[in-house]
Amino acid sequence: MGLSLVWLMDVFVRRAYTAAGLRSHTVAVDADTTVHCWISTSLLPTPSSAGADPGRGSRRQPKPPLLLIHGFGPRATWQWRSQIAPLAARFDLIVPDLLFFGGSTTRSPQRSEAFQAAALARLLDALGVAPPRRARVSVMGTSYGGFVAYHVARAMGPDRVERVVIASSDLLKGPEDDKALLERAGGRGDVADLLLPRTTADMRRLVRVAVHRPPRFMPEFILRDMLRNLFSDKLEEKLELVKGISLANKDQFQLTPLPQQVLMIWGEDDQIFPVDKAFEMQKRFGENARLEVVQKTGHMPQMEDAGRFNKVVLSFLLGAPKSSL
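A few points on the structure. All values reported here derive from a predicted model rather than from experimental measurement.

In this section: the pattern of salt bridges. Going through the model one piece at a time under the given rule, you end up with 17 salt bridges. Between Arg14 and Asp10 there is a salt bridge whose closest N-O contact spans 3.5 Å. Of this pair, Arg14 and Asp10 both sit in helix H1 (residues 5-19), four residues apart, which is roughly one turn of that helix. One salt-bridge network, held together by shared partners, links Asp10, Arg14 and Arg75.

Right, let's talk about unusual backbone geometry for a bit. The backbone of Ser168 shows a phi angle near 55°, a positive value even though the residue is not glycine. The phi torsion at Lys234 lies on the positive side, around 55°, for a residue other than glycine.

Next up on the list: the nonpolar core. One finds Val95, Val152 and Phe285 to be the most contacted residues of the largest nonpolar core, which totals 105 residues. Other than its neighbours up to four places away in sequence, Val95 contacts Tyr17, Leu22, Cys37, Trp38, Leu68, Ala76, Trp80 and Ile84.

Before going further, it helps to spend a moment on the environment of Arg184. Considering the arrangement of structural elements, one finds Arg184 in helix H6 (residues 175-184). It is 15 Å that separates the C-alpha atoms of Arg184 and Asp276, two residues lying 92 residues apart in sequence. Sequence-distant contacts of Arg184, defined by excluding residues within four places in its chain, comprise Gln271, Ile272 and Pro274. Of the polar contacts made by the side chain of Arg184, one reaches the backbone oxygen of Gln271; its length is 2.7 Å.

Next up on the list: the pairing of strand S3 (residues 65-69). For a regular strand, the rule is simple: side chains alternate between the two faces of the sheet. Across the five residues of S3, five count as buried, placing the element largely inside the fold. Where S3 meets strand S4 (residues 92-96), three bridges bridge the pair, whose relative direction is parallel. Bridging across to S4, Pro65 finds its partner in Asp92. With four bridges connecting them, S3 and strand S6 (residues 137-142) associate as parallel partners. Paired with Leu68 across the strands is Met140, a residue of S6.

Moving on: the layout of surface pockets. Estimates place the volume of the largest pocket at around 1,100 Å³. What lines the largest pocket is a set of 44 residues, among which Pro74, Leu206, Ala210, Phe231 and Met300 lie closest to the centre. It is helix H9 (residues 220-231) that contributes the most residues to the lining of the largest pocket, six residues altogether. For the lining of the largest pocket, the per-class residue count stands at 31 nonpolar, seven polar and six charged. Counted as a void, the second largest pocket has a volume near 230 Å³. Residue lining of the second largest pocket: 16 residues in total, with Arg75, Ala76, Asp97, Phe101 and Gly102 positioned closest to the centre. Of all the secondary-structure elements, those providing two or more residues to the lining of the second largest pocket are H1, strand S2 (33-40), helix H2 (76-79) and H9. Each residue belonging to the lining of the second largest pocket can be placed in one class, and the counts come to five nonpolar, five polar and six charged.

Here the focus is the packing of aromatic side chains. Tallied over the entire structure, the rule returns seven aromatic pairs. Ring geometry for Tyr144 versus Phe147: centroids 6.0 Å apart, planes at 75°, classification edge-to-face. With a gap of three residues between them, Tyr144 and Phe147 both fall in helix H5 (residues 144-156), about one helical turn apart. Of the two residues, Tyr144 and Phe147, both sit in the buried class. Judged by centre distance (6.2 Å) and plane angle (55°), the rings of Tyr150 and Phe285 are tilted. Highlighted residues: Tyr150 in helix H5 and Phe285 in helix H11 (residues 275-285), separated in sequence by 135 residues. Exposure remark for Tyr150: the relative accessible area of 0% places this residue in the buried category. For Phe285, a relative accessible area of 5% puts it in the buried group. Over the ring of Phe316 we find Arg163; its NZ or CZ atom is 5.3 Å from the centre of that ring.

What counts as what
Residues numbered from 1 in each chain as written. Predicted model: local features only at pLDDT ≥ 70, side-chain atom pairs only at ≥ 80, totals over all residues. Heavy atoms only, no water. Salt bridge = Lys/Arg side-chain N within 4 Å of Asp/Glu carboxyl O. Helix = DSSP H or I, 4+ residues; strand = E, 2+ residues; numbered from the N terminus. Core = buried A, V, L, I, M, F, W, Y, C linked by side-chain atoms within 4.5 Å. Buried < 20%, exposed > 50% of the residue type's maximum accessible area, 1.4 Å probe, protein only. Contact = heavy atoms within 4.5 Å. Polar contact = N/O pair within 3.5 Å; in protein donor to acceptor, adjacent residues only side chain to side chain. Pairing = 2+ DSSP bridges. 1 Å grid on protein atoms, 1.4 Å probe; cavity = no way out; pocket = protein on both sides within 12 Å on 5 of 7 lines; lining within 4 Å. Points joined across faces, edges and corners; volume = space filled by probe spheres on them. Nonpolar A, V, L, I, M, F, W, Y, C, P; charged D, E, K, R; others polar. Phe/Tyr/Trp six-rings, centres within 6.5 Å; stacked < 30°, edge-to-face > 60°. Lys NZ or Arg CZ within 6 Å of the ring centre and 35° of its normal.

By themselves, these observations are geometric and do not establish any function.
Shown next as structure tokens:
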């Protein structure tokens with residue numbers, strides 16, 4: 001089978017998480033649904049904590065909790081790897097695998113982003129991440145994870161969710177946007193074919209449209225390794241997730257402003273969700289929303305310019321005034 005670079009990278013990423021004080025944890029949030037996550041050790045239950053408040057795995061003063069929600073693509077640990085160390089220094093982190101990614105699964109037939117959000121809300125309940133036991137949680141989601149973050153914030157309300165970061169996530173997406181995306185990507189197949197690559201040619205196409213400066217040379221053996229170890233798991237269920245997105249169905253979803261403070265952060269050259277849509281969203285969200293555009297990045301500014309991304313996010317989450325952005 002040979003050496004897997006993805007496996008080696010996964011070892012490196014996991015060590016980064018443990019070094020930042022996070023541990024792997026699995027929670028049965030209901031009879032049908034199990035969510036795997038990486039969480040700060042202070043949120044872990046301890047053997048002596050029966051009958052005590054959940055989430056008290058440490059005697060130190062708890063930090064404000066922050067929920068990080070990934071999008072399609074590599075596993076959650078990879079998508080947030082450049083944020084973990086700086087964010088863990090100031091927040092207690094919850095980094096879940098969404099349903100049908102990593103170790104999270106459900107027997108429920110529901111596939112919408114609102115259902116994903118409901119599962120995460122139950123995860124927070126199970127961990128005891130809620131007032132009065134803990135401070136309000138802030139939520140950050142990227143791409144598909146931004147859809148879920150919006151639903152988490154709307155469903156849980158301002159009494160439980162303090163601030164919201166939506167990164168590279170077009171909540172105004174409709175069928176015409178999917179058609180335009182496919183044209184930018186070469187016009188073949190549908191959106192699910194782009195987001196769920198099955199061949200190395202599909203992988204090359206996804207990288208070209210997702211990254212501001214794609215690598216000039218991508219060896220076939222690396223692409224095959226990525227397909228086998230990052231994109232092949234639960235393909236049919238993930239296809240159902242793409243089809244189950246409710247944003248384009250105006251009978252099911254209408255974008256309404258959130259009562260929380262909202263930061264939208266976007267790559268200037270995002271080809272999946274063009275930055276023009278970010279300005280439209282900002283108008284719809286109103287005075288509670290601000291927008292930061294990260295130059296020379298595409299659909300993954302948190303990976304392509306992690307320094308700038310982290311600076312903006314920390315400034316917002318720690319309560320800096322709007323003028324600082």
